[in-house]
Amino acid sequence: QVQLVESGGGLVQPGGSLRLSCAASGSFFSIGAMRWFRQATGKQRELVAVITSGASTNYADSVMGRFTISRDYAKNTVLLQMNSLKPEDTAVYYCNADVIVRGLGLRDYWGQGTQVTVSS
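Everything numeric here is computed off the predicted structure, so don't read it as measured data.

S.K.: Give me the lowdown on the state of the cysteines, citing residues and values where you can.
M.R.: Where two cysteines share a covalent bond between their sulfur atoms, that bond is called a disulfide. Overall, the coordinates contain one disulfide when judged by the stated rule. Covalently, cysteine 22 is tied to cysteine 95 through a disulfide, its sulfur atoms 2.1 Å apart. Sign of the S-S torsion, about -80° for the bond between cysteine 22 and cysteine 95, identifies this disulfide as left-handed. One end of the pair, cysteine 22, is in strand β3 (residues 18-26); the other, cysteine 95, is in strand β9 (residues 91-101), with 73 residues separating them in the sequence. Here cysteine 22 and cysteine 95 have matching classes, each one buried.

This is the structure in structure tokens:
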């Protein structure tokens, strides 16, 4: 039905920047809220940022002021601009979206994850 594919992960030095993207494809009517989660080794998965269908945003305290979530409605894409990266930001980052599928209603979908490593 719907696929979410993340890209943009990689290795970056502390203080550097990285931009993640997640594109939705498949058969659907529209997309509601879109989110970025992350999970570090040995840690619980945590919500990093969310953007609603109306483009309102919210962030985890740990990334406030450093990360920016945005979306491109025409391309069904959510972006996460990450600046001033810290080693503590190292994790697998996952895209999540509420997708309204025609005839089925709202469904929750996840991407496969992309690795972000912040290290010297």
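Structure's up, so let's keep going.
S.K.: For the pattern of salt bridges, give the residues involved together with the corresponding values.
M.R.: All told, the structure shown has four salt bridges when counted by the stated rule. Residue glutamate 46 pairs with arginine 38 through a salt bridge whose shortest N-O separation is 2.8 Å. With relative accessibility at 33%, the residue glutamate 46 sits in the partly exposed group. Among the salt bridges present, the one from arginine 66 reaches aspartate 89, with a minimum N-O distance of 2.8 Å. Of this pair, arginine 66 sits in the loop between β6 (57-59) and β7 (67-72) while aspartate 89 sits in the loop between β8 (77-82) and β9, placing them 23 residues apart in sequence. In this structure, arginine 66 and aspartate 89 share a single accessibility class: buried. Sharing partners across several salt bridges, the network here consists of Arg38, Glu46, Arg66 and Asp89.

S.K.: Can you lay out the pairing of strand β11 (residues 114-118) for me, pointing to particular residues and giving the numbers?
M.R.: Here β11 shows a clear split, with Thr114, Val116 and Val118 buried on one side and none of Gln115 and Thr117 buried on the other. Summarising the sheet, strand β2 (residues 10-12) and β11 pair through three bridges and their orientation is parallel. The residue bridging valine 12 from the neighbouring strand is valine 118, located in β11. Bridge count between β9 and β11: three bridges; the pairing is antiparallel. By the bridge assignment for β11, tyrosine 93 is matched with threonine 114.

S.K.: Any details on the sheet that holds β7? Residues and values, ideally.
M.R.: Here four strands make up an open sheet; going across it, the order is β1-β3-β8-β7 and the pairing antiparallel. Each edge of the sheet is formed by a strand with only one pairing partner; in this case those strands are β1 (2-7) and β7. On average, each strand axis in the sheet is tilted by 15° relative to the strand beside it, whichever way the strands run. Two elements, β1 and β3, share six bridges in a ladder whose sense is antiparallel. Note that in β3 the partner of glutamate 6 across the bridge is cysteine 22.

About the thresholds
- Residues numbered from 1 in each chain as written.
- Predicted model: local features only at pLDDT ≥ 70, side-chain atom pairs only at ≥ 80, totals over all residues.
- Heavy atoms only, no water.
- Disulfide = S-S within 2.5 Å.
- Helix = DSSP H or I, 4+ residues; strand = E, 2+ residues; numbered from the N terminus.
- Buried < 20%, exposed > 50% of the residue type's maximum accessible area, 1.4 Å probe, protein only.
- Salt bridge = Lys/Arg side-chain N within 4 Å of Asp/Glu carboxyl O.
- Pairing = 2+ DSSP bridges.
- Axes fitted to C-alpha atoms, helices over the stretch in contact; angles between N-to-C directions.

None of this, on its own, says anything about what the molecule does.
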